[in-house]
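One letter stands for each residue in the lines below.
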Amino acid sequence: MNSTPIPAIGEGKRGENGHIGYLLRQAYAAYRIRMEQALRESGLTLPQFSVLTMLAAYPTASGAELARLSLLTPQTMSVIVANLERAGIVSREPHKLHGRIQVIHITKAGTAVLSRCKLAVQSVENALLTDVNARDEKVVRRWLVSIAK
């Protein structure tokens, strides 16, 4: 059997000469794994954490807007909100003017969970910037936003 050995991360096409899209995906996969490990004790998934984070930042957002902010489909958002509601982390009520729109709120228990989760993931977030100075961080942030636009 004559198979080509798979290179380690940082080597071959998995290194600096690899396709930029692949490298972004590879970096995200490593980030996701670290974030899931950090959140494990809280009982929240990374998508749930993302939804709570966006809900705290944009408390008047509709479910559809939260889905877009959290980079999730509306169907996934619906399942996540139902699970968070069952856990007492969020509550829902009909919008005062638009009966079909649900207004989602973080409960007091949800605020406490989100605070614990933010502390748990802080080291993962900080590790991303360990070897990056403030000027380069701004460049990276600007570059990532420009890709998303």
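The paragraphs below set out a description of the structure included in this document. Since this is a predicted model, take the numbers as computed values, not measurements.

Here the focus is the packing of helix H2 (residues 46-57) against helix H5 (residues 108-128). Running from N to C, H2 and H5 point in directions that differ by 115 degrees, and their axes come no closer than 11 Å. Viewed along their axes, H2 and H5 adopt a mutual orientation that is roughly perpendicular. Judged by the twist between their axes, the crossing of H2 over H5 is left-handed. Contact residues: H2 offers Phe49, Leu52, Thr53 and Ala56, while H5 offers Leu114, Cys117, Lys118 and Val121. Its residues placed into classes, the contact of H2 with H5 shows 6 nonpolar, 1 polar and 1 charged.

So, on to the layout of surface pockets. Empty space among the atoms can be located by rolling a probe the size of a water molecule over them. Estimates place the volume of the largest pocket at around 1800 Å³. The element that contributes the greatest number of residues to the lining of the largest pocket is helix H1 (residues 20-39), accounting for 10 residues. Residues belonging to the lining of the largest pocket are distributed by class as follows: 25 nonpolar, 4 polar and 5 charged. Taken as a whole, the second largest pocket encloses approximately 210 Å³ of empty space. In this structure, the second largest pocket is lined by 14 residues; those nearest its centre are Gly63, Ala64, Met77, Gln102 and Ile104. Elements supplying a minimum of two residues to the lining of the second largest pocket: helix H3 (63-69), helix H4 (74-86) and strand S2 (102-106). Looking at which element gives the most residues to the lining of the second largest pocket, the answer is H4, with 5 residues.

The rules behind these values
Residues numbered from 1 in each chain as written. Predicted model: local features only at pLDDT ≥ 70, side-chain atom pairs only at ≥ 80, totals over all residues. Heavy atoms only, no water. Axes fitted to C-alpha atoms, helices over the stretch in contact; angles between N-to-C directions. Helix = DSSP H or I, 4+ residues; strand = E, 2+ residues; numbered from the N terminus. Parallel < 35°, antiparallel > 145°, perpendicular 65-115°, else oblique. Left-handed = near helix turned anticlockwise from the far one by under 90°. Contact = heavy atoms within 4.5 Å. Nonpolar A, V, L, I, M, F, W, Y, C, P; charged D, E, K, R; others polar. 1 Å grid on protein atoms, 1.4 Å probe; cavity = no way out; pocket = protein on both sides within 12 Å on 5 of 7 lines; lining within 4 Å. Points joined across faces, edges and corners; volume = space filled by probe spheres on them.

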